[in-house]
Amino acid sequence: MKRLRQAINNSDISRFRFHFQLFAFGLLIYGGYLAIDFGSNYIPAFACPFVETRGGTCYLYPLQHQLNMPLSQLFSGRGIGLLTGFITFLLMFVLFNKAWCGFACPLGTVQDWITKLRNRFGIRYSTYSETVFSRQKNIKYVLLALLLLLSLGMSNSLFGMQKLSGDFSTSYCMICPGRTVLPLFTGDMSQLVIDFSSKTKTVLTGLGMAVTGLFFTGAFVKKRFFCLLCPMSALQYIFSKAGLLRLKKDGMKCTRCGNCYRVCDVGIREIADDLESTMIVQDDCMMCLKCVSACPEEGCLKATFLGLPVYEATEQGFFKRMGGRS
Amino acid sequence: MKYFCGIDIGSTATKIVLTDEEGKIAAHTTAPTGSHFHKNAVEALEALLCRQQIKRQDIGYIVSTGYGRKLFKEADETISEITANAAGARNSGEGAGTFRTIINIGGQDSKIILLDDEGHVKHFTMNDKCAAGTGRFLEMAARNLEIEVDELGDYHMKSTGVPATINSTCTVFAESEIISLMAGGHSREAIVAGIHYSIARRISRLAGKIGIEDKVFFDGGPALNRGLVASFEDELMREIVVPETPQITTAFGAAVIAQEAFAAEGEKINV
Amino acid sequence: MHTERFERVKKSTNLHFTMEADEALRKIEDFPSNPGAMGYFYDLFRSVYANGGSLTHKGTIIGTMCVQVPEELILAAGAVPFRLCNGAHAFDQAGAEFMPAKACSLARATVGMLHINRSVHKERLGMVVVPATCDQKRKAGELLREMGYNVYILEVPSSKNSEEARHYWQNSVKRFTAELQHLTGRKITKKSLGTAINLTNEARRQFRRLYNFRKISPPVVYGKDALLVSNAYFFDDKERWLQALTDLNNELELKALKGESVGNRHAPRILFTGSPPVFPHLKIPLLLEQSGAIVAADEVCSSTRMLYDAVAYDESALYDMIPSVADRYLKPCTCPFLVLNDDRRRRLKDMAGQFAIDGIVYQIFSGCHLYEMEQRTIAKTFADSGIPLLFLETDYSQEDTGQLSTRIEAFLESIKARKRRK
């Protein structure tokens, strides 16, 4: 057991993650070919519903659908669909916490590939300044709130406004780059269009195209560019404290060397500078565990599942990974 | 009958204390350290043994302390004068338990030792490299005033009126200051009192830094000087406890430690 | 006339330095059961210092005045980093000509050494890098420039807590990189920097092995030996040093397995901090260990602070590697020139626990206000946890040895008494 743990702690998590992401991507995008279906509508948090051959569906899609009903019905029998959907989402989430983002989300994986490509070209990445970063953090919550309100607003008149037209159906999906980008991997370019059928749709799909462009350029210059804007990430973070998979920090052991912050793709400073919190997952964290692998202090950072260490920072592991490079 | 020997080789005087099995002082002596201090210390010890008719082999354990401790090869153990001083004060019977601070003025340094509840060293501080506020400073002053060191106390007690101000703590500058004070018509008494206050103030400041508690135990040769004791009482605003023979407290402490070490060794053999 | 006098001063200063070095080495070696692998280090110091030998390094030598200089970049540019911080009283006296009487011995001795042996050093040192850390180092940099050295002032922020400070430092390091390449005429590449990082990280890995051996109680190695090893890193060939330390570690590993130890089993375990002990000024660590203590750990820039932290980078490309190297020299730094230095207090507290420390010895060189001012908070931190702290103000002279030894012995005696009563 001790041996196994040591072997895991010595391992290169990034390499493991790369292969795991590849596997998850195949499963979620091409799973349909093998008749794999993690529940197209009800078992959530999987691939984009616009991929024909997907092996599952992103939870935001059914969520938007399920919210599109009068409030009175929402709290009656029809609400059960929403509730079961939400509970399954939560269960999934309790198991994996934000590791979903770092290990399985196909949109995240695509961004990591773009990063690799950039690195291959030897082009420098850019980072946000602190003010931009802190402002940007909020966008995903705004998007989440809009997503919920717009869905509800089609069947209810909110804030005394008229009911919204049905064109707002799954409005977030219309601007999510997942809809346009992921089908490309199955050779499906049909989403790369602007729908002029109505004013609302024109605007939404037009925005979607713009976001797609932004997605590619953004991901090329900034690691995990889109994740900082993703409402899924926001939704998950709200429940992050309930996750069984946790990222923990022992502030007393921290030397504030900043290695963890250095390698963090989303630029979370707290990982290095917060010495008080023991649960260190921040809203943008994707639990890629690169910080754990870059930490040279025994047991200072660790990922635990149900309180048991899964992957832990060790001096030996650190030097193994950082020693024989390039 | 076994005896235990504590020997404190200081910069000016070598103090030797013999204690008996009950831990009481059986005999003590003080001799000038001189330049051949190993030889002088051995001779002083031999003279004391001869006077008391104690055989060398009756001494169970010797602990040396003071600046010359390392060179006294006859010792079974050496200990720093700070630990020895605390042990001596703790066991002196002189108001033991009522004080938590020791001020020791030696020939070339002064120390302040803080004790914990059980009378062990908790914290200590020493003056820096120079001789200001030490026995040497008093010797210089007496020499310039053309009186004996032992007379300083009496002069102080006789002084009436305002003590003269001594600004320099440096021995060299204080020397010329004393001379000019005399030339300026200050009485010897006032100058002596001024000197005592300047020393007391300097050491009190040092003591203030580490924070003194309760009554203060004052030892070392200069503690025999009543005037200096009075100055300390004024400066510290605390009661001062002075043992009967303050110059041998440290040597006595070394003897106490010698007895403890002897007992510990005996236990080891018996086990 | 003038030069004749200077030659005389030079001769006498170097003679006194040799005497000092020889005396220090004798004291260091005068302990029972020295590890065989320490022989390399004793010989190294003897040949370089006590016997007046000199070092042979291939390539441009870059003198560094502080641990803040990123040595990976110097190595990657094909040059040799050489830490100039000096520990000799003879050079301290020579430096008194340039610096105030109340200046710190280390800065003054470094200036003194570079003044006395300027004929050799001006030729050997392609550049002297002075990080703008504490006042004494900064102004020493100006003095050295006046003496005719090619001085490079490496700008350092005075606080490390903001992102702005970090970027300022990263930019400063970038400028330094350009200057290095200009000087050596060699371009730093992904490959050369990668190799340099691998080498220095390996040095730190081996240093940490030694650091971890010092946690063992009863102790397997004296602090004086550990300090000598890290002191050798100042000037020794990195590869050779690495091999010698690996050998020492392997020997200590065997010793630990066999359960062999040095010194007394109940020796008070001391954490040494404050102004750095630099050979031959190992006065206080030596006094401590001669008096029966073990310097089990140190938090000083001539040892742990210099060699503990390693570089971690994400992408194998210069744009990521150079800032990563820069971060390594700022983020974990606990030098008191940094304002809001809570990290040092936490570090010491953590070390006290990890090394089962009985007492802290805090050395300051007269004139180093930064260390002296931090002393209070550190003392308070440990007063709360019941670990006594001995504060010793000293300089490079041996005059205060008697006083110091009384203080040190009394301190150790009180620790022993405390341990016995527990």
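Refer to the preceding data block for the structure.
Residues numbered from 1 in each chain as written. Chains lettered and ligands numbered in written order. Predicted model: local features only at pLDDT ≥ 70, side-chain atom pairs only at ≥ 80, totals over all residues. Heavy atoms only, no water.

**Considering a nonpolar patch on the surface**
Residues and elements named next belong to chain A.
Argument step 1. On the surface, a nonpolar cluster with roughly 330 Å² of combined accessible area is contributed by M1, L4 and I8.
Argument step 2. Here M1 is to be found in the segment before α1 (2-10).
Argument step 3. Overall, the relative accessible area of 71% leaves M1 in the exposed class. (Patch = residues over 30% accessible without salt bridge, like charges linked within 9 Å, V, L, I, M, F, W, Y side chains within 5 Å. Areas by Shrake-Rupley, 256 points an atom, 1.4 Å probe, with all protein chains shown as cover. Salt bridge = Lys/Arg side-chain N within 4 Å of Asp/Glu carboxyl O. Helix = DSSP H or I, 4+ residues; strand = E, 2+ residues; numbered from the N terminus. Buried < 20%, exposed > 50% of the residue type's maximum accessible area, 1.4 Å probe, protein only.)

**Topic: the interface of chain C and chain B**
Argument step 1. Chain C puts 16 residues into the contact, and the matching count from chain B is 21 residues.
Argument step 2. Put simply, chain C and chain B have 2 salt bridges between them.
Argument step 3. Our count for the contact surface shared by chain C and chain B stands at 5 residue pairs in polar contact (both at pLDDT 80 or more).
Argument step 4. At the level of elements, β8 (389-394) and α17 (401-421) of chain C are the ones that each hand at least two residues to the side of chain C that touches chain B.
Argument step 5. Tallying contributions element by element places α17 of chain C first for the side of chain C that touches chain B, with 12 residues.
Argument step 6. For the side of chain C that touches chain B, a count of residues per class yields 4 nonpolar, 5 polar and 7 charged. (Contact = heavy atoms within 4.5 Å. Polar contact = N/O pair within 3.5 Å; in protein donor to acceptor, adjacent residues only side chain to side chain. Nonpolar A, V, L, I, M, F, W, Y, C, P; charged D, E, K, R; others polar.)

**Side note on the nonpolar core**
Argument step 1. Formed by 127 residues in total, the largest nonpolar core has its most connected members in V128, L228, W241, F279, L288, I357 and V361 of chain C.
Argument step 2. Looking at this core, the element that brings in the most residues is helix α5 (residues 105-116) of chain C, giving 7 residues.
Argument step 3. When near neighbours in sequence (up to four residues on either side) are disregarded, F279 of chain C contacts A21, A24, L25, I28, F45, Y49, G87, L228 and N231 of chain C.
Argument step 4. Membership of the second largest hydrophobic core comes to 50 residues, among which are A104, L143, V181 and L204 of chain A. (Core = buried A, V, L, I, M, F, W, Y, C linked by side-chain atoms within 4.5 Å.)

**Digging into the interface of chain A and chain C**
Argument step 1. Taken together, the contacts link 37 residues of chain A with 36 residues of chain C.
Argument step 2. Summing both partners gives a buried area of about 3100 Å² for chain A against chain C, and 43% of it is carried by carbon and sulfur.
Argument step 3. Counting the contacts that link chain A with chain C gives 11 salt bridges.
Argument step 4. Our enumeration of links across chain A and chain C arrives at 21 residue pairs in polar contact (both at pLDDT 80 or more). (Buried area = accessible area lost by both parts, 1.4 Å probe.)

**A few points about the packing of helix α2 (residues 39-50) of chain C against helix α10 (residues 223-232) of chain C**
All names here are of chain C.
Argument step 1. With their axes 10 Å apart at the nearest point, α2 and α10 run at an angle of 55 degrees to one another. Classified by the angle their axes make, α2 and α10 are oblique. As for how α2 packs across α10, the hand of that crossing is left-handed. Facing F41, Y42, L44 and F45 of α2, the residues of α10 in contact are K224, D225, L228, V229, N231 and A232.
Argument step 2. Its residues assigned to classes, the contact of α2 with α10 shows 7 nonpolar, 1 polar and 2 charged. (Axes fitted to C-alpha atoms, helices over the stretch in contact; angles between N-to-C directions. Parallel < 35°, antiparallel > 145°, perpendicular 65-115°, else oblique. Left-handed = near helix turned anticlockwise from the far one by under 90°.)

**Some details on helix α3 (residues 60-67) of chain A**
All names here are of chain A.
Argument step 1. With respect to burial, α3 is a largely interior element, 6 of its 8 residues being buried.
Argument step 2. Taken residue by residue, α3 has L60, P62, L63, Q64, Q66 and L67 as its buried positions.
Argument step 3. Check the buried side of α3 and you find it contacts α4 (71-74), α5 (79-96), α8 (130-153), α9 (171-175) and α12 (231-238).

**Concerning the pairing of strand β9 (residues 215-219) of chain B**
Residue and element names in this part refer to chain B.
Argument step 1. With 4 of 5 residues buried, β9 is to be regarded as a mostly interior element.
Argument step 2. Across 5 bridges, strand β6 (residues 99-105) lies against β9 in parallel orientation. Bridge assignment links I103 to a residue of β9, and that residue is F218.
Argument step 3. Note: β9 against strand β10 (residues 240-241), 2 bridges, orientation parallel. (Pairing = 2+ DSSP bridges.)

**What to know about the side chain of K137 of chain A**
Argument step 1. Along the chain, K137 of chain A falls in helix α8.
Argument step 2. Discounting residues that sit within four places of it in the chain, K137 of chain A has contacts with D283 and D284 of chain A.

**Some thoughts on the side chain of E413 of chain C**
Argument step 1. With respect to the helices and strands, the residue E413 of chain C is situated in helix α17.
Argument step 2. R69 of chain B provides the closest opposite charge to the buried, salt-bridge-free E413 of chain C, at an N-O distance of 5.9 Å.
Argument step 3. In terms of polar contacts, E413 of chain C uses its side chain to reach the side chain of S80 of chain B, at 2.6 Å. (Lys, Arg positive; Asp, Glu negative; His and termini not counted.)

**Here's the deal with the packing of aromatic side chains**
Argument step 1. Taken as a whole and judged by the stated rule, the model has 32 aromatic pairs over all chains.
Argument step 2. Pairing F16 of chain A with F103 of chain A gives two aromatic rings, centres 6.4 Å apart and planes at 55 degrees, and the pair type is tilted. In this pair, F16 of chain A is assigned in helix α2 (residues 13-30) and F103 of chain A in helix α6 (residues 99-104), connecting sequence segments 87 residues apart.
Argument step 3. Residue F16 of chain A is classed as partly exposed on the basis of its relative accessible area of 48%.
Argument step 4. Its relative accessible area of 10% is what places F103 of chain A among the buried residues.
Argument step 5. A ring pair is formed by F86 of chain A and F239 of chain A, whose centres lie 5.4 Å apart and whose planes are at 65 degrees; its orientation type is edge-to-face. On the criterion of sequence distance, the pair formed by F86 of chain A in helix α5 and F239 of chain A in the loop between α12 and β1 (245-249) is long-range, its members being 153 residues apart.
Argument step 6. Owing to a relative accessible area of 24%, F239 of chain A belongs among the partly exposed residues under this scheme.
Argument step 7. A connected cluster of aromatic rings, assembled from ring pairs, spans F17, F45, Y49, F91, F235 and F279 of chain C.
Argument step 8. The ring of Y149 of chain C carries the charged tip of K122 of chain C above its face, separated from the ring centre by 6.0 Å.
Argument step 9. Between the NZ or CZ atom of R208 of chain C and the centre of the ring of Y308 of chain C, over which it lies, the distance is 3.7 Å. (Phe/Tyr/Trp six-rings, centres within 6.5 Å; stacked < 30°, edge-to-face > 60°. Lys NZ or Arg CZ within 6 Å of the ring centre and 35° of its normal.)

**Describing the sheet that holds strand β3 (residues 125-131) of chain C**
Residues and elements named next belong to chain C.
Argument step 1. A sheet is described by the order of its strands in space; here 4 strands give the open sequence β2-β1-β3-β4, paired in parallel fashion. If you trace the sheet from one side to the other, it starts and ends with β2 (80-83) and β4 (151-154), each paired once. When the angles between neighbouring strand axes are averaged without regard to direction, this sheet yields 30 degrees.
Argument step 2. Two elements, strand β1 (residues 61-64) and β2, share 4 bridges in a ladder whose sense is parallel. For T64, the partnering residue across the bridge sits in β2 and is R83.
Argument step 3. Across the sheet, helix α8 (residues 163-184) touches β1, β3 and β4, and the angle it forms with β4 is around 160 degrees.

**Let's talk about the sheet that holds strand β7 (residues 110-115) of chain B**
Residue and element names in this part refer to chain B.
Argument step 1. Read from one edge of the open sheet, 5 strands run β8-β7-β6-β9-β10, paired in mixed fashion. Each having just a single partner strand, β8 (121-126) and β10 make up the two edges of the open sheet.
Argument step 2. Of the pairings in the sheet, the one linking β7 to β8 comprises 5 bridges and is antiparallel in character. Of the residues in β8, the one forming a bridge with L114 is H123.

**Remarks on unusual backbone geometry**
Argument step 1. Here the residue pair S217 of chain C and P218 of chain C is connected by a cis peptide bond, since its omega of -5 degrees sits within 30 degrees of zero.
Argument step 2. Mapped onto the elements, P218 of chain C comes out in the loop between α9 (190-213) and α10.
Argument step 3. Note the cis peptide between F279 of chain C and P280 of chain C, where omega equals 0 degrees.
Argument step 4. Looking at the element boundaries, P280 of chain C is found in the loop between β5 (269-274) and α12 (283-290).
Argument step 5. One non-glycine residue, E146 of chain B, adopts positive backbone phi at about 60 degrees.
Argument step 6. Under the relative-accessibility criterion, E146 of chain B is labelled exposed at 63%.
Argument step 7. Of note, the phi angle at M237 of chain B is positive, near 55 degrees, even though the residue is not glycine.
Argument step 8. Owing to a relative accessible area of 70%, M237 of chain B belongs among the exposed residues under this scheme.

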